[in-house]
Amino acid sequence: MFSKQELERYSRHILLRDVGGPGQHKLNAARVLCVGAGGLGSPVIEYLAAAGVGTLGLVDDDRVSLSNLQRQVVHSTANVGELKVVSAAERVAAINPNVKIEPHPIRLDAENVTGLVDSYDIVVDGTDNFPTRFLVADTAYTCRKPLVTAGVLEFYGSLTTLLPFETDAGGQPNPSWRCLMPREPDTAALTCSEVGILGAVVGVLGTLAACEVLKLITGVGEPLIGRLLMVDIRDMGFDVVAYYRNPTSPVFGQG
Amino acid sequence: MWITVRLFANFRENRFKEARRQYPPGTTIADVATELEIDPGLIGMIFIHGRAAELDRVLGEDDVLALFPLLGGG
């Protein structure tokens with residue numbers, strides 16, 4: 001049962017066809033792990049908190065810097081120097097005090113990643129480096145956790161949703177992250193601190209990632225499984241590119 | 001042989017979104033990248049007909065090659 005305040009707070013979800021009270025109950029019961037509390041993480045954290053996702057785990061070992069504030073809108077000028085997970089937790093408490101925050105001010109590594117990923121229902125990845133992206137994706141696959149993963153640079157972004165431990169409507173196994181990128185890049189990828197990023201680009205991609213998480217929790221619509229969304233803000237174009245499972249991928253033990 | 005090349009994100013700048021182009025038999029993905037003056041080190045994902053491929057893959061007639069840059073920021 002919702003309290004009177006919850007009924008009012010979540011009324012636009014409860015009214016919404018295909019979400020309704022049952023969908024809101026699912027949101028309230030969900031545990032989501034947000035890897036990265038930076039640019040992509042900001043709208044993810046804010047929208048999932050506003051939606052009433054019951055528990056948000058936040059992973060980031062970084063501290064807020066002035067150069068973050070052009071795009072990392074979950075943090076404020078007063079938070080400069082604070083741990084990002086602490087700063088973001090303050091913002092979540094201000095948005096929706098019903099949400100439980102579990103801050104993890106750590107850098108994910110092979111030792112700690114499995115226990116963390118395994119204790120949540122869904123993982124959303126907004127990290128800023130490929131080694132962590134691969135670690136999270138491989139672990140989410142092993143732990144059978146849905147993963148929403150996005151990346152950005154300059155005026156561009158990508159987004160997809162991975163459930164490689166399930167099959168599609170035709171009975172074919174869904175693709176994994178390794179079906180997109182079989183192995184980590186040989187060279188260090190360019191970063192936003194090297195080539196820059198239009199601030200609002202992370203807002204677009206992070207908000208779309210939050211939509212995917214809300215859809216996965218409520219069961220509404222078709223997630224971006226086997227589809228890569230490419231966003232081009234420079235020319236304002238959105239492309240959806242189909243991709244397929246690669247049975248020889250290293251993650252399936254045959255590569 | 002004819003190949004359809006699809007480019008994404010900043011690879012499109014001063015190039016194209018999609019083009020059907022002719023290459024000699026034996027052309028690899030790396031050859032196409034070189035011809036388009038795309039640094040192979042900046043390539044993230046490579047698809048042939050929606051399946052991941054490596055730079056040394058030899059292309060075939062009517063292949064649809066998609067090249068995506070590394071978008072590693074968060």
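Residues numbered from 1 in each chain as written. Chains lettered and ligands numbered in written order. Predicted model: local features only at pLDDT ≥ 70, side-chain atom pairs only at ≥ 80, totals over all residues.

Q: Give a description of the overall build of chain A that names residues and reports values.
A: On a plain count of helices and strands, chain A comes out with nine helices and eight strands. Computed over its C-alpha atoms, the radius of gyration of chain A comes to 18 Å, within 12% of the 18 Å expected for a compact globule of 255 residues. Once the C-alpha set of chain A is aligned to its principal axes, its extents read approximately 55 × 45 × 40 Å. Burial statistics for chain A: of 255 residues in total, 45% are counted as buried. Across chain A, every contact between residues at least 6 apart in sequence was considered, and the portion connecting residues at least 24 apart equals 67%. (Helix = DSSP H or I, 4+ residues; strand = E, 2+ residues; numbered from the N terminus. Rg over C-alpha atoms; globule rule 2.2 N^0.38 Å. Buried ≥ 20, exposed ≤ 12 C-beta atoms within 10 Å, placed from the backbone. Contact = placed C-beta atoms within 7 Å.)

Q: I'd like a description of the overall build of chain B, backed by residues and values.
A: What chain B contains, in helices and strands, is one helix and five strands. In sequence order, chain B lays out its α and β elements as β-β-α-β-β-β. The C-alpha radius of gyration computed for chain B amounts to 11 Å, which stays within 12% of the reference 11 Å derived for 74 residues, consistent with globular compactness. With the C-alpha coordinates of chain B rotated into their principal frame, the extents come out at 40 × 25 × 20 Å.

Q: Got a sec to walk through the sheet that holds strand β2 (residues 18-22) of chain B? Specific residues and values, please.
A: Residue and element names in this part refer to chain B. Taken in spatial order, the five strands line up as β2-β1-β5-β3-β4 in an open sheet, and their pairing is mixed. With one partner strand each, in any of the chains shown, β2 and β4 (51-52) form the two edges of the open sheet. Where strand β1 (residues 2-7) meets β2, five bridges bridge the pair, whose relative direction is antiparallel. Paired with Val5 across the strands is Ala19, a residue of β2. (Pairing = 2+ DSSP bridges.)

Q: Give a detailed account of the interface of chain B and chain A, specifying residues and quantitative values.
A: For interface size, the figure often reported is the accessible area lost on association. Chain B puts 16 residues into the contact, and the matching count from chain A is 35 residues. Mapped onto the side of chain B that touches chain A, the elements with two or more residues apiece are β3 (43-48) and β4 of chain B. In terms of residue count, β3(B) provides more of the side of chain B that touches chain A than any other element does, three residues in total. Residue composition of the side of chain B that touches chain A, grouped by class: eight nonpolar, seven polar and one charged. (Nonpolar A, V, L, I, M, F, W, Y, C, P; charged D, E, K, R; others polar.)

Q: So what's going on with the packing of helix α4 (residues 41-50) of chain A against helix α5 (residues 84-95) of chain A? Which residues, and what values?
A: All names here are of chain A. The geometry of α4 relative to α5 is characterised by a closest axis approach of 9 Å and an angle of 30 degrees between their N-to-C directions. Viewed along their axes, α4 and α5 adopt a mutual orientation that is roughly parallel. At the point where α4 passes α5, the crossing takes the right-handed sense. Residues Ile45, Glu46, Ala49 and Ala50 of α4 form the contact with α5, whose own contacting residues are Ala88, Arg91, Val92 and Ile95. (Axes fitted to C-alpha atoms, helices over the stretch in contact; angles between N-to-C directions. Parallel < 35°, antiparallel > 145°, perpendicular 65-115°, else oblique. Left-handed = near helix turned anticlockwise from the far one by under 90°.)

Q: Residues and numbers for the sheet that holds strand β6 (residues 156-162) of chain A, please.
A: Residues and elements named next belong to chain A. On the basis of which strands lie adjacent, the open sheet formed by eight strands has the order β3-β2-β1-β4-β5-β6-β7-β8 and mixed pairing. Sheet topology places β3 (100-104) and β8 (237-242) at the edges, where each strand pairs with a single neighbour. In this sheet, adjacent strand axes meet at a mean angle of 15 degrees when their direction is disregarded. Pairing between strand β5 (residues 147-153) and β6: seven bridges, direction antiparallel. Residue pairing in the sheet places Gly151 in a bridge with Ser158 of β6. Together, β2 (55-59) and β3 form the strand contacts of α5, whose direction differs from that of β3 by roughly 170 degrees.

Q: Break down the pairing of β3(B) for me, citing the residues and quoting the values.
A: All names here are of chain B. In the sheet, β3 pairs with strand β5 (residues 64-69) via four bridges, with the strands oriented antiparallel. Among the inter-strand pairings, Phe47 is bridged to a residue of β5, identified as Ala66. Pairing of β3 with β4 involves two bridges; the strand directions are antiparallel. Residue Ile48 lies in a different strand from β4, and its bridge partner there is Arg51. Counted between consecutive antiparallel strands, the loop separating β3 from β4 contains two residues, among which His49 sits at a positive phi close to 50 degrees.

Q: Residues and numbers for unusual backbone geometry, please.
A: Trans peptide bonds make up most of the peptide bonds, and negative phi angles are found at most residues other than glycine. The backbone phi angle of Met236(A) is positive, close to 50 degrees, even though this residue is not glycine. Its 8 C-beta neighbours within 10 Å are what place Met236(A) among the exposed residues. Positive phi, normally seen in glycine, also occurs at Glu37(B), with a value near 60 degrees. Mapped onto the elements of the fold, Glu37(B) is located in the loop between α1 (29-35) and β3.

Q: Report on the packing of α4(A) against helix α9 (residues 199-218) of chain A, specifying residues and quantitative values.
A: Residue and element names in this part refer to chain A. Between α4 and α9, whose axes approach to 7 Å, the crossing angle comes to 40 degrees. Classified by the interaxial angle, the pair formed by α4 and α9 is oblique. Handedness of the crossing formed by α4 with α9: right-handed. Touching Gly41, Ser42, Pro43, Val44, Tyr47 and Leu48 of α4 are Val202, Gly203, Gly206, Thr207, Ala209, Ala210 and Val213, all from α9. Among the residues forming the contact of α4 with α9, the class breakdown is eight nonpolar, five polar and no charged.

Q: Got a sec to walk through α5(A)? Specific residues and values, please.
A: Residues and elements named next belong to chain A. If you check α5, its first and last C-alpha atoms are 16 Å apart, about what 12 residues at 1.5 Å a residue would give, namely 16 Å. Buried within α5 we find Lys84, Val85, Ser87, Ala88, Ala89 and Val92. The elements touched by buried residues of α5 are α4, β2 and β3. (Expected span 1.5 Å × (residues − 1).)

Q: A description of the pairing of strand β4 (residues 122-125) of chain A should follow, citing residues and the corresponding values.
A: Of the two faces of β4(A), the one carrying Ile122(A) and Val124(A) and the one carrying Val123(A) and Asp125(A) are both buried. As a crossover connection, the stretch from β4(A) through helix α7 (residues 130-142) of chain A into β5(A) is right-handed. (Right-handed = clockwise from strand over helix to strand, strands pointing away.)

Scope: geometric values only; no functional claims are made or implied.
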